[in-house]
Amino acid sequence: MAETAPDHIDLGRHRDFERRSLERWLPNILFGLVCIIPLLAIFNVFGQKPKVEKVANPNGAATLELRAPVDVRGGLLFQARFDIHARREIKDAVLVLDSGWLESMTLNTSEPAPANETSRDGSLAFDLGDIPAGKTWRQYLQFQANPVNSGSQSQGVTLYDGNVPLLRLNRNLMVWP
């Protein structure tokens, strides 16, 4: 039985992809590109691996170490850990987080709970109380990047003794869609 094609159908072109090699491979190439995105996410290209950043007071009063990711994906739950090591007594330690920490982010929990939580010029301020010389205060904050949030935002942190700034750490967070 001879193969007959309907009118206006060229079997070589339409069924066998003759002279259409790109159209034959294009769906496979596009599928491969779609598969690369989750593969890159598995290898932490889009974030969540924590980065350790450290800053010290020039007068030697304290050091602040922040362990938190600098790249996250929308919807991701992540943790930020602040270690404040007092070289001298800090009578009224206040940790102030710039507004970028809460812009399109959800603060789920803070452990241990600060003595007081207030606002300083639109920034979140945690009153940690007294930190004796030679001791370390460790503060954990758990966040979630809202799924509609994407782009870069500033997340500076300042440590005060009362109203006197002791040190500042500047960083940026990249939120991937």
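These lines cover the structure that appears in this document, whether it is placed above or below. Chains are numbered independently. Their residues run from 1 in the order of the written sequence. Thresholds applied to this predicted model are a pLDDT of at least 70 for local features of residues and 80 or more for the giving and counting of side-chain atom pairs; totals over whole chains, interfaces and linings are not thresholded and use all residues. Hydrogens and water are ignored here; the side-chain numbers use all heavy atoms of the structure.

Points about unusual backbone geometry
Leave glycine aside and you will find that most residues have negative phi; peptide bonds, for their part, are mostly trans.
Then, number 1: The step from Glu111 to Pro112 runs through a cis peptide bond, and the omega angle for that step is -10 degrees.
Then, number 2: Secondary-structure assignment places Pro112 in the loop between β6 (105–111) and β7 (116–120).
Then, number 3: Although it is not a glycine, His8 sits at a positive phi angle of roughly 65 degrees.
Then, number 4: Only runs of H or I of at least four residues qualify as helices and only runs of E of at least two qualify as strands under DSSP, and these elements are numbered from the N terminus. Residue placement: His8 occurs in the segment before α1 (11–14).
Then, number 5: Positive phi, close to 55 degrees, is recorded for Asp121, a residue that is not glycine.
Then, number 6: Counting through the fold element by element, Asp121 comes out in the loop between β7 and β8 (123–131).
Then, number 7: When accessible area is computed with a 1.4 Å probe and restricted to protein chains, residues below 20% of their type maximum are described as buried, those above 50% as exposed, and intermediate ones as partly exposed. Of the residues examined, Asp121 reaches a relative accessible area of 86% and is grouped as exposed.

What about the environment of Leu102?
Then, number 1: Position of Leu102 relative to the elements: it lies in the loop between β5 (90–97) and β6.
Then, number 2: Along the backbone, Leu102 and Glu53 are 49 residues apart, and their C-alpha atoms lie at a distance of 20 Å.
Then, number 3: In what follows, residue pairs with any heavy atoms lying within 4.5 Å of each other are defined as contacts. The residues contacting Leu102, other than those within four sequence positions of it, are Leu107, Leu124 and Phe143.

Some words on the sheet that holds strand β10 (residues 151–154)
Then, number 1: Taking strand neighbours across the sheet as the criterion, the three strands line up as β3-β13-β10 in an open arrangement whose pairing is mixed. Because the sheet does not close on itself, it has two edges, and the strands there are β3 (71–73) and β10. The average undirected angle you get between the axes of adjacent strands in this sheet is 25 degrees.
Then, number 2: At least two bridges found by DSSP between two strands are what make those strands a pair. As judged from the three bridges shared by β3 and strand β13 (residues 172–176), these two strands associate in the parallel manner. When the sheet's bridge partners are listed, Val72 is paired in β13 with Val175. Whenever a helix is involved, its axis is fitted only over the stretch in contact; in every case the axis is a line through C-alpha atoms, and angles between N-to-C directions fall within 0 to 180 degrees.

Structural notes on the packing of aromatic side chains
Then, number 1: Pairs were defined over the aromatic rings of Phe, Tyr and Trp, the Trp ring being its six-membered one, requiring ring centres within 6.5 Å. Orientation was assigned from the angle between planes: stacked under 30 degrees, edge-to-face over 60, tilted for the rest. One pass over the structure, following the stated rule, counts three aromatic pairs.
Then, number 2: An angle of 25 degrees between the planes, with centres 5.6 Å apart, marks the rings of Phe78 and Phe143 as stacked. Linking Phe78 in strand β4 (residues 77–86) with Phe143 in strand β9 (residues 136–145), this pair joins segments that are 65 residues apart in sequence.
Then, number 3: With relative accessibility at 7%, the residue Phe78 sits in the buried group.

Spatial relationships are all this shows, so hold off on functional conclusions.
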